[in-house]
Amino acid sequence: MTNNEKGGTSFVKIILPAVALLAFLRCEAAEVRVFAAASLTDSMKEVASAYEKASGDRVVFNFGASSMLARQIEEGAPADIFFSADEAKMDGLESKGLIEKGTRKNRLSNSLVIIVATENGAAVRSPKDLASADVKRVALGDPRAVPIGVYAREYLEKLKLWEAVRPKVVATENVRAALAAVEAGNADASIVYKTDATISKKVRVAFEVPLEEGPKIRYPMAIVKEAKERLAAKKLFGYLSSDEAGKVFKKYGFIVIESARRP
């Protein structure tokens, strides 16, 4: 055998296994589609970044109002995991057999705050001020369907303020849109999650609803029954349930709920 032939043989012995390994890794890497509530945007992106580095899988998000996401799943949109901002939307999918049995768990909780603009914001010191003549527009996630709007309506109904506030409501598609409305001066105030209020320097918290006085807020997550990447979805679901992910959620102000239920 000539030196050239020997060199060629060595090249093949080194390169072919490497190529095969790369091909194997490409085949093994999965793309997991997660439909998550808009209020989870920042925390989930950070969690996903760490997970992608550790697993090699890619996480693709669809953020929005839980009501919209649930409707999309009902209509057949490709989703592997659904992470809702309320139990009602998950209940709806579960009742239709669209959630994989045994995977649902309540992972997070949150609380409500009333926000106004940081500069020249409305004079709001308590929920009663939302009913005053000085407050003309209150941005809320659509109180008929969007979880943050539903929670806000429940809270104001409990205080017997809803009928006075309802005519002032500017309905938005999700909590981030309600936050943006106050930032832009298109609304005098809004009720948002505490976690959303902390991400903006253009708004300030005028009133924080005590946890025991506000509605019961739960963020359930589950694997979608028609998940295309079932194995990868279960691995990501396990990571979302981990202490590592819990630390990130706490960093963004969420209340982490421990649960023994696993996929």
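Scroll up to find the structure this text is about.
Residues numbered from 1 in each chain as written. Predicted model: local features only at pLDDT ≥ 70, side-chain atom pairs only at ≥ 80, totals over all residues. Heavy atoms only, no water.

*Asks:* Looking at this model, I keep getting lost on the overall build of the chain. Mind explaining?
*Replies:* Along the backbone of the chain there are 10 helices and 11 strands. Looking at the 263 residues of the chain, the share that counts as buried comes to 46%. The contacts of the chain with a sequence gap of at least 6 include a subset with a gap of at least 24, amounting to 78%. When the accessible surface of the chain is totalled, it reaches about 13500 Å², and 52% of it is carbon and sulfur. (Helix = DSSP H or I, 4+ residues; strand = E, 2+ residues; numbered from the N terminus. Buried < 20%, exposed > 50% of the residue type's maximum accessible area, 1.4 Å probe, protein only. Contact = heavy atoms within 4.5 Å. Areas by Shrake-Rupley, 256 points an atom, 1.4 Å probe, with all protein chains shown as cover.)

*Asks:* How should I be thinking about the pairing of strand S10 (residues 219-223) in this particular structure?
*Replies:* If a strand is regular, its side chains alternate between the two faces of the sheet. Across the 5 residues of S10, 5 count as buried, placing the element largely inside the fold. In S10, alternate side chains face the same way, and those of Tyr219, Met221 and Ile223 on one face and Pro220 and Ala222 on the other are all buried. By the bridge criterion, 3 bridges tie strand S3 (residues 81-83) to S10 in an arrangement that is antiparallel. Of the residues in S10, the one forming a bridge with Phe82 is Ala222. Where strand S4 (residues 105-109) meets S10, 3 bridges bridge the pair, whose relative direction is antiparallel. Bridged to Asn106 within S10 is Pro220. (Pairing = 2+ DSSP bridges.)

*Asks:* How should helix H4 (residues 87-95) be read in this particular structure?
*Replies:* Quick reminder: α-helices carry 3.6 residues per turn. Residues three or four places apart thus point the same way. Looking at H4, one finds that the buried residues are Lys89, Met90 and Leu93. Considered in projection along H4, the buried side chains sweep an arc of 95° and stay on one side of the axis. Packed against the buried residues of H4 are helix H3 (66-74), S3 and S10. Phi for Gly97, located one or two positions after H4, is positive at around 75°. (Arc of directions from axis to C-beta.)

*Asks:* Quick question: what am I supposed to make of the packing of helix H2 (residues 41-55) against helix H9 (residues 230-240) here?
*Replies:* As a packed pair, H2 and H9 sit with axes 11 Å apart at the nearest point and diverge in direction by 120°. Between H2 and H9 lies a crossing of right-handed hand. In this structure, H2 contributes Met44, Val47, Ala50 and Tyr51 to the contact, and H9 contributes Ala232, Lys235, Leu236, Tyr239 and Leu240. Split into classes, the residues belonging to the contact of H2 with H9 amount to 8 nonpolar, no polar and 1 charged. (Axes fitted to C-alpha atoms, helices over the stretch in contact; angles between N-to-C directions. Left-handed = near helix turned anticlockwise from the far one by under 90°. Nonpolar A, V, L, I, M, F, W, Y, C, P; charged D, E, K, R; others polar.)

*Asks:* Which parts of the structure should I look at to understand the packing of aromatic side chains?
*Replies:* Each aromatic ring pair is characterised by the separation of its centres together with the angle its planes make. Using the criterion set out here, one finds 7 aromatic pairs in the structure. Here Phe61 and Phe63 contribute two aromatic rings whose centre-to-centre distance is 4.7 Å and whose plane-to-plane angle is 20°, an arrangement assigned as stacked. Ring centres of Tyr219 and Phe254 lie 5.5 Å apart, and the angle between their planes is 85°; this geometry places the pair in the edge-to-face category. With a gap of 35 residues between them, Tyr219 in strand S10 and Phe254 in the loop between helix H10 (243-251) and strand S11 (255-256) connect regions that are remote in the sequence. We note that Tyr219, like Phe254, is buried. A connected cluster of aromatic rings, assembled from ring pairs, spans Phe83, Tyr151, Tyr193, Tyr219, Phe249 and Phe254. (Phe/Tyr/Trp six-rings, centres within 6.5 Å; stacked < 30°, edge-to-face > 60°.)

*Asks:* What exactly am I supposed to notice about the pairing of strand S2 (residues 58-64) here?
*Replies:* With 7 bridges connecting them, strand S1 (residues 31-37) and S2 associate as parallel partners. When the bridges of S2 are listed, Val32 appears paired with Val59. A crossover connection joins S1 to the parallel S2 through H2; in handedness this β-α-β unit is right-handed. (Right-handed = clockwise from strand over helix to strand, strands pointing away.)

*Asks:* Got a minute to help me understand the sheet that holds S4 in this structure?
*Replies:* Adjacent strands of a sheet pair through backbone hydrogen bonds, lying either parallel or antiparallel. The mixed open sheet is built from 6 strands, whose spatial order is S2-S1-S3-S10-S4-S11. Looking along the sheet, the strands with just one partner apiece sit at the ends: S2 and S11. Taken strand by strand, H2 contacts S1, S2 and S3, and its axis lies near 175° from that of S2. Sitting on the sheet, H10 touches S3, S4 and S11, and the angle it makes with S4 is about 35°.

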